[in-house]
Amino acid sequence: MKQLDHLPRPCLLALLGLLGLVPLAGSPALAAQDDGQYFESTADPDLESTEGGTTSNPDEGDEEEDQLVTWGVSGGDIYQFRSSIDGGGSFSVNRAFLAGGFEYAFSPSLTLDFDLGFEADSYVFNGGGAFADAAGGVPWTTALDVTLAAAAHWNIDDTWRFVLKGFVSWAGEHDAEVGRSFTGGGNVGVAYTFSDELTLGVGALIAAQLEDDVLFIPSPVVDWRISERLFMSNVRGPVNYPTSSGLELIYYLSYELNVSVGARYELRRFRLNDDGSPRTRNGVGQERSIPLWVRLEWRPMDKLRIHLLAGCSFWEQLQISDSGGRQLDEQNVDPAPFIGCFVGFEF
């Protein structure tokens with residue numbers, strides 16, 4: 001992340017947050033895992049469905065309006081190809097995601113969400129180098145993240161919406177000490193619907209971090225229908241790999257098919273186990289990057305979404321610290337391409 005390293009870390013995160021590239025929801029580790037959309041989209045493309053007919057929102061109907069509880073399950077996988085680490089060596093990673101939860105319509109104006117998300121990142125480090133030397137061998141292998149979240153969505157009136165969310169997360173390498181791997185935090189946000197075409201808002205993430213300062217990041221909420229087919233939004237996308245923590249430009253080919261380009265900021269921070277060298281036992285591993293991607297979404301049937309994506313992670317950085325949070329080494333990583341697939345279903 002050489003181009004941005006001259007900025008102090010809190011200033012860097014605040015800047016990315018104001019640009020809409022930092023997560024507003026999900027794990028306090030700011031991992032790719034998220035628990036759903038921060039705000040729901042309010043505008044839909046006025047397009048003809050390939051199944052016939054025209055409607056402003058194909059997912060809504062009389063039956064859904066009477067449904068008090070909506071369940072959802074989603075999953076996906078991203079493979080990031082091998083890339084070189086400054087100072088020697090290389091690494092690749094496979095990321096698996098799984099999430100489930102339900103939404104309860106407590107009243108016409110208040111909705112409650114409860115979600116459980118899981119992410120497993122399987123790293124493969126190759127060769128030696130400065131980073132491996134600082135870690136005393138292989139830096140880490142598989143990092144897990146489990147997040148339990150609850151949120152309240154309040155429609156104050158036809159234009160104002162408010163969200164309050166809390167979460168607790170366990171993030172650590174397999175066999176990491178359980179009691180030292182928990183963090184927690186919350187989100188708060190408000191959005192105003194100016195018209196059927198534009199919703200804007202602002203929110204903030206407050207989260208504890210493993211062996212680091214409390215994190216505070218402001219971020220906007222954007223859902224803008226630029227034209228009949230073109231949207232700019234950070235409240236659409238795969239539930240497990242949401243763009244509520246980034247920004248996408250989306251083009252609707254039809255109700256069933258759309259294509260988008262997007263970017264986001266990712267930060268994973270997790271507890272290491274005690275199997276490594278003495279200097280890194282119960283330490284902290286960290287990976288951060290800014291991935292850019294192209295995503296294709298297909299809705300083959302009502303409530304089922306399939307996403308295919310391909311992209312590249314830029315300005316990536318690996319960091320390792322001891323059990324007290326003292327940094328042992330930090331290295332930049334070459335741009336790394338990735339491919340992925342996500343599936344989400346509501347019932």
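Within any chain, residue numbers begin from 1 and follow the written order of that chain's sequence. In keeping with the model being predicted, local features are shown solely for residues with a pLDDT of at least 70 and side-chain atom pairs are shown and tallied solely at 80 or more, while totals for entire chains, interfaces and linings include all residues. Calculated side-chain values reflect all of the structure's heavy atoms, with hydrogen atoms and water omitted.

Criterion used throughout: strands pair if DSSP finds at least two bridges between them. The way it works is that DSSP assigns letters per residue, a run of H or I at least four long becomes a helix, a run of E at least two long becomes a strand, and they are numbered from the N terminus. As judged from the six bridges shared by strand β14 (residues 304-321) and strand β15 (residues 327-333), these two strands associate in the antiparallel manner. If you follow Glu316 over to β15, its bridge partner there is Val333. Here β14 folds back onto β15, and the loop between the two strands holds five residues, one of which, Gly325, carries a positive phi near 90 degrees.

Moving on, we get to the nonpolar core. With 15 residues, the main nonpolar core has Phe91, Tyr123, Phe125, Trp140 and Leu318 as its most contacted residues. Secondary structure elements with two or more residues in this core: β2 (90-105), β3 (110-126), α3 (130-135) and β14. Setting aside residues up to four positions removed in sequence, Trp140 forms contacts with Tyr123, Phe125, Phe131, Glu173, Phe270, Leu272, Gly285, Gln286, Leu318, Gln319 and Ile320. Residues enter a nonpolar core if they are buried and are Ala, Val, Leu, Ile, Met, Phe, Trp, Tyr or Cys, with the set joined through side-chain atoms within 4.5 Å. Buried residues are those whose accessible area, probed at 1.4 Å on protein chains only, stays under 20% of the maximum for their type, while exposed residues exceed 50% and partly exposed ones sit between those limits. By definition in these notes, contact holds between two residues if any of their heavy atoms fall within 4.5 Å.

On to the side chain of Arg95, then. Note on placement: Arg95 falls in strand β2. You can call Arg95 buried: its relative accessible area is 3%. In protein, a polar contact means a hydrogen-donor-capable atom and an acceptor-capable atom, both N or O and within 3.5 Å, with residues adjacent in sequence counting only if both atoms are side-chain atoms; elsewhere, any N or O pair within 3.5 Å suffices. Here the side chain of Arg95 touches Glu287 through a polar contact of 2.7 Å, side chain to side chain. When sequence neighbours within four positions are dropped, the list of residues in contact with Arg95 reads Gly76, Asp77, Ile78, Gln80, Glu119, Ala120, Asp121, Tyr123, Arg268, Glu287 and Glu316.

Turning our eyes to something else, we now look at the pattern of salt bridges. For this analysis, a salt bridge means a side-chain nitrogen from Lys or Arg found within 4 Å of a carboxyl oxygen belonging to Asp or Glu. Throughout the structure, instances matching the rule amount to 15 salt bridges. When the shortest N-O distance is used, the salt bridge between Asp322 and Arg326 registers 3.2 Å. Among the charged side chains, a salt-bridge network with shared partners connects Arg95, Glu119, Asp121, Arg264, Glu266, Arg268 and Glu287.

Let us look at a negative patch on the surface. Residues enter patches when their relative accessible area tops 30% and they take part in no salt bridge; the joining distance is 9 Å for like charges and 5 Å for the nonpolar side chains Val, Leu, Ile, Met, Phe, Trp and Tyr. The protein chains shown are the only cover counted for residues, whose accessible areas, like all others here, come from Shrake-Rupley with a 1.4 Å probe. When charges are counted, neither His nor the chain ends are considered; positive counts come from Lys and Arg and negative counts from Asp and Glu. Where a charge lies is defined by one atom per residue type, namely NZ (Lys), CZ (Arg), CG (Asp) and CD (Glu). A cluster of acidic residues, Asp175, Glu177, Asp274 and Asp275, forms a negative patch on the protein surface. Within the secondary structure, Asp275 sits in the loop between β12 (266-271) and β13 (284-301).

Our focus in this paragraph is the confidence of the model for the protein chain. By definition, pLDDT measures how confident the predictor is in each residue, and it falls between 0 and 100. When pLDDT is averaged across the protein chain, the result is 84; 79% of the residues are at 70 or more. Considering only residues more than four positions removed or in separate chains, one finds that residues 1-7, a stretch of pLDDT under 50, has 18 contacts. In this model residues 53-64 is a low-confidence stretch, pLDDT under 50, and it forms 21 contacts with partners more than four residues away in sequence or in other chains.

Below, the discussion takes up unusual backbone geometry. Despite not being glycine, Asp175 shows a phi value in the positive range, around 70 degrees. Along the chain, Asp175 turns up in the loop between β5 (160-173) and β6 (182-193). Residue Asp175 is classed as exposed on the basis of its relative accessible area of 59%. Phi angles above zero are rare outside glycine, and Trp315 is one such case at about 50 degrees. Within the element layout of this structure, Trp315 appears in strand β14.

Here we take up the pairing of strand β1 (residues 69-84). Regular strands place their side chains on alternate faces of the sheet. Where β1 and β2 come together, 14 bridges link them in antiparallel fashion. Paired with Gly72 across the bridge in β2 is Gly101. In this structure, the hairpin formed by β1 and β2 is closed by a connection of five residues, where Gly87 is found at a positive phi of approximately 90 degrees. Relative to strand β16 (residues 336-346), β1 runs antiparallel, the two sharing nine bridges. For Tyr79, the partnering residue across the bridge sits in β16 and is Ile339.

You can see Ala135 is positioned in helix α3. C-alpha of Ala135 to C-alpha of Ile320: the two residues are 185 residues apart in sequence and 7.2 Å apart in space. The residues contacting Ala135, other than those within four sequence positions of it, are Ser277, Thr280 and Ile320.

Working definition: a ring pair exists when centres of Phe, Tyr or Trp rings (six-membered ring for Trp) sit within 6.5 Å. Plane angles under 30 degrees give stacked, over 60 give edge-to-face, the rest tilted. Applying the stated criterion to the full structure yields 19 aromatic pairs. An angle of 20 degrees between the planes, with centres 6.2 Å apart, marks the rings of Tyr123 and Phe125 as stacked. Summarising the burial analysis for this pair, Tyr123 and Phe125 share the class buried. For the pair Phe131 and Trp140, a centre-to-centre distance of 5.9 Å together with 90 degrees between the ring planes defines the contact as edge-to-face. Relative accessible area serves as the criterion here: at 1%, Phe131 is assigned to the buried category. The rings of Phe91, Tyr123, Phe125, Phe131, Trp140 and Phe270 are connected pair by pair, giving a single aromatic cluster.

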